[in-house]
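Descriptive structure summary
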Amino acid sequence: MLSETTFRRIYRIGSWYDLIVTWPLATPITLAMLWATMGGIHTQFGLPPLPTLDTYAVLFANMAGTVVLIWTVLRIGWDDLRLARYDAVGRFAFSTWMIVALSNGGSPILYGFLAFEVTFGVLQALPYRRDT
């Protein structure tokens, strides 16, 4: 069982990780820069090129990025440990969608994101004891 202090630290680290990783999804310009970077990584590792993002892919990435950013800022600002439990559920859902994407030929880069999602999801689902 984790102490409340340790649990809170994990929850904050997970929130800041989300902020760093998802802000590029929130606008078309930052998404294009992220996609180009990921495309460069693919090239360096001899992976197939990433597909071109069409209008709808950009729209849904921007909407998802915006929602996750709002959720992340809320978690950082409120620092309410009850939100960690909801966030764990979200992480397990996101992990499921990443596994679906990987099983349908998604970029192996997703394995890195999947590892963080599963790790933070499990840690945020663990019980903790209140500090006295």
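The structure reproduced in this document is the subject of the present report. Just so we're clear, the structure is a prediction, and the values are computed from it rather than from any experiment.

**Structural notes on the packing of helix α3 (residues 55-78) against helix α4 (residues 82-103)**
Look at α3 against α4: their axes get within 11 Å of each other, and the N-to-C directions meet at 150°. Taken as axis vectors, α3 and α4 run roughly antiparallel relative to one another. Here the hand of the crossing between α3 and α4 comes out left-handed. Here Val 68, Trp 71, Leu 74, Arg 75 and Trp 78 of α3 come into contact with α4, specifically with Leu 83, Tyr 86, Asp 87, Arg 91 and Phe 94.

**A look at the nonpolar core**
Nonpolar side chains in soluble globular proteins tend to end up buried together. The biggest cluster of nonpolar side chains holds 10 residues, and these are Leu 2, Phe 7, Ile 10, Tyr 11, Tyr 17, Leu 81, Leu 83, Ala 84, Phe 120 and Tyr 128. Within the residue set of this core, elements represented by two or more residues are α1 (4-22) and α4. Apart from residues lying up to four places away in sequence, Ala 84 is in contact with Phe 7, Tyr 11 and Gln 124.

**Details of the side chain of Asn 62**
Mapping Asn 62 onto the fold places it in helix α3. Polar contacts involving the side chain of Asn 62 include one to the main-chain carbonyl oxygen of Thr 27, which spans 3.3 Å. Contacts of Asn 62, omitting those with residues within four sequence positions, involve Leu 25, Ala 26, Thr 27, Pro 28 and Leu 31.

Calculation criteria
- Counting restarts for each chain: residues are numbered from 1 in the order of the written sequence.
- In keeping with the model being predicted, local features are shown solely for residues with a pLDDT of at least 70 and side-chain atom pairs are shown and tallied solely at 80 or more, while totals for entire chains, interfaces and linings include all residues.
- Working from all heavy atoms in the structure, the side-chain values ignore hydrogens and water.
- The axes used here are C-alpha line fits, helices contributing only the stretch in contact, and every angle between their N-to-C directions lies in the interval 0 to 180 degrees.
- Put simply, DSSP marks the helices as runs of H or I at least four residues long and the strands as runs of E at least two long, and each gets a number from the N terminus on.
- Put simply, angles under 35 degrees are roughly parallel, angles over 145 are roughly antiparallel, angles from 65 to 115 are roughly perpendicular, and the rest are oblique.
- Each crossing gets its handedness from the near helix: less than a right angle anticlockwise from the far helix is left-handed, clockwise is right-handed.
- Contacts are residue-level and defined by heavy atoms, with any inter-residue pair within 4.5 Å sufficient.
- Remark: nonpolar core denotes a set of buried residues (Ala, Val, Leu, Ile, Met, Phe, Trp, Tyr, Cys) joined through side-chain atoms within 4.5 Å.
- Relative accessible area decides the class of each residue, using a 1.4 Å probe on protein chains only: under 20% of the type maximum gives buried, over 50% gives exposed, and in between gives partly exposed.
- Any N or O atom pair separated by 3.5 Å or less is treated as a polar contact, with the protein-specific requirement of one donor-capable and one acceptor-capable atom, and with residues adjacent in sequence counted only for side-chain atom pairs.

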